[in-house]
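One letter stands for each residue in the lines below.
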Amino acid sequence: MPNILIIGATRGLGASLANAYASQANTTVFGTTRSPTGPQGLNEKIVWVPNIDVSDEGAGSRLVNQLAMLGVAGGMVEGEGEVRGFDVVIITAGYFATEDFVNGPKWEEELKMYTTSAISPPFLVRSLSRARYLFKGSKILLISSESGSITLRHEKEGGGNYGHHASKAALNMVGKLLSLDLKEKGVIVSILHPGFMRTEMTKSVGFDKYWDDGGAVTPDEAAKSLIEWAEKLDMSKTGQYWAPRGPRDIGTADVTIGTGLPTPLQLPW
């Protein structure tokens, strides 16, 4: 029976992933929330892991403690009333604040973006590994963005958004390094651009005006692509950076890496 952990599962892509996995027969889904209780309106099968704020230094240890209290056992063997470690772990928690050169960067906002996107993942993954929640064949999906690619940055879209883009580039590096650390254990790490999405996050920063021209998809559509990607994922792609939905929503792809690109698309760093 597949066991799934989604870190950042209460809204947007995380909520869609949790709902989609929970709709599968014989699949157990755990989702983290910063609140003491899970949100209303999502699949009732989701087991909520409360009080997990990835921007907090102790998030990793708190996560494994909460999982143990919920009956998740480390290692490969399931005991009575327990589930073993996780087949798939998806870290999708994120934060986005816009910045531009005229108005200047935002110190506190950048700290939050870096902490959420790039600093927390190695703490979370190491805690899960030490608690034996990861085993040979486990798959870790780190939700990054094409905005984390230095190669894809171009005057066509200009500068700005320093914290968001650079924190995603840092996450890409973290993912690559984790893949090297975990390879001997047989744990796969995949770094992914999920697609430009029609979410409250992109709307809150004014990016809804680009939804139509930019080919933005719903979180449900993006989640479906990611789940299909995870099913086929193997060690041959560990530590790599991919866009499962291809180049269709990457506005600078044509001027930086060319046209007639395949789907899925391996992205340049």
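Whatever comes next refers back to the structure up there.
(A) Spotlight on the sheet that holds strand 5 (residues 139–143). Pairing is mixed across the open sheet formed by eight strands, whose spatial order is 3-2-1-4-5-6-7-8. Two strands bound the open sheet, and with one partner strand each, they are strand 3 (47–49) and strand 8 (265–266). Bridge count between strand 1 (residues 3–7) and strand 4 (residues 88–91): four bridges; the pairing is parallel. Across the sheet, residue Ile7 finds its bridge partner in strand 4, namely Ile91. In the packing of helix 1 (residues 12–22) onto the sheet, contacts are made with strand 1, strand 2 (28–32), strand 4 and strand 5, and the angle to strand 1 comes to roughly 165°. Those strands touched by helix 6 (residues 219–232) are strand 5, strand 6 (188–192) and strand 7 (240–243), and its axis lies near 145° from that of strand 5.

(B) Just the pairing of strand 2, in detail. Most of strand 2 sits out of view: five of its five residues are buried. Both faces of strand 2 are covered, namely the face carrying Thr28, Phe30 and Thr32 and the face carrying Val29 and Gly31. Inspection of the sheet shows strand 1 paired to strand 2 by four bridges, in the parallel sense. By the bridge assignment, Ile4 is partnered in strand 2 with Val29. As for the winding sense of the linkage, the β-α-β connection from strand 1 through helix 1 to strand 2 is right-handed. Where strand 2 and strand 3 come together, three bridges link them in parallel fashion. Residue pairing for strand 3: Phe30 is matched across the bridge by Val47.

(C) Highlighting the side chain of Ser120. Inspection of the secondary structure assignment puts Ser120 in helix 3 (residues 107–130). Taking relative accessible area as the criterion, Ser120 reaches 5% and is therefore assigned buried. If near-sequence neighbours (up to four positions away) are discounted, Ser120 is found in contact with Val54 and Thr115.

(D) Local environment of a nonpolar patch on the surface. Together, Met173, Leu177 and Leu180 line one region of the surface with nonpolar side chains, adding up to about 300 Å² of accessible area. Topologically, Leu177 is positioned in helix 4 (residues 162–182).

(E) Quick peek at the packing of aromatic side chains. Tallied over the full model, the rule gives four aromatic pairs. Ring centres 5.2 Å apart and planes at 45° place the aromatic pair Trp229 and Trp242 in the tilted group. Linking Trp229 in helix 6 with Trp242 in strand 7, this pair joins segments that are 13 residues apart in sequence. Residue Trp229 shares its accessibility class with Trp242, and that shared class is buried. Here Tyr241 and Trp269 contribute two aromatic rings whose centre-to-centre distance is 5.4 Å and whose plane-to-plane angle is 15°, an arrangement assigned as stacked. In this pair, Tyr241 is assigned in strand 7 and Trp269 in the segment after strand 8, connecting sequence segments 28 residues apart. Classification of Tyr241 as buried rests on a relative accessible area of 1%. Following the ring pairs from residue to residue traces out a cluster consisting of Phe30, Phe86 and Tyr133. Over the ring of Tyr95 we find Lys112; its NZ or CZ atom is 4.2 Å from the centre of that ring.

(F) Focus on the nonpolar core. Within the largest apolar cluster, 28 residues are counted, with the highest numbers of intra-cluster contacts made by Leu5, Leu63, Leu67, Val89, Leu128 and Ile140. Only strand 1, helix 2 (59–69), strand 4, helix 3, strand 5 and helix 4 provide two or more residues apiece to this core. Every residue in contact with Leu63, bar those within four places of it in the chain, is listed here: Leu5, Ile7, Thr32, Val49, Ile52, Leu124 and Leu128. Counting residues in hydrophobic clusters, the runner-up holds 27 residues, among them Trp48, Ile188, Met197 and Ala222.

Rules used throughout
- Residues numbered from 1 in each chain as written.
- Predicted model: local features only at pLDDT ≥ 70, side-chain atom pairs only at ≥ 80, totals over all residues.
- Heavy atoms only, no water.
- Pairing = 2+ DSSP bridges.
- Helix = DSSP H or I, 4+ residues; strand = E, 2+ residues; numbered from the N terminus.
- Contact = heavy atoms within 4.5 Å.
- Axes fitted to C-alpha atoms, helices over the stretch in contact; angles between N-to-C directions.
- Buried < 20%, exposed > 50% of the residue type's maximum accessible area, 1.4 Å probe, protein only.
- Right-handed = clockwise from strand over helix to strand, strands pointing away.
- Patch = residues over 30% accessible without salt bridge, like charges linked within 9 Å, V, L, I, M, F, W, Y side chains within 5 Å.
- Areas by Shrake-Rupley, 256 points an atom, 1.4 Å probe, with all protein chains shown as cover.
- Salt bridge = Lys/Arg side-chain N within 4 Å of Asp/Glu carboxyl O.
- Phe/Tyr/Trp six-rings, centres within 6.5 Å; stacked < 30°, edge-to-face > 60°.
- Lys NZ or Arg CZ within 6 Å of the ring centre and 35° of its normal.
- Core = buried A, V, L, I, M, F, W, Y, C linked by side-chain atoms within 4.5 Å.

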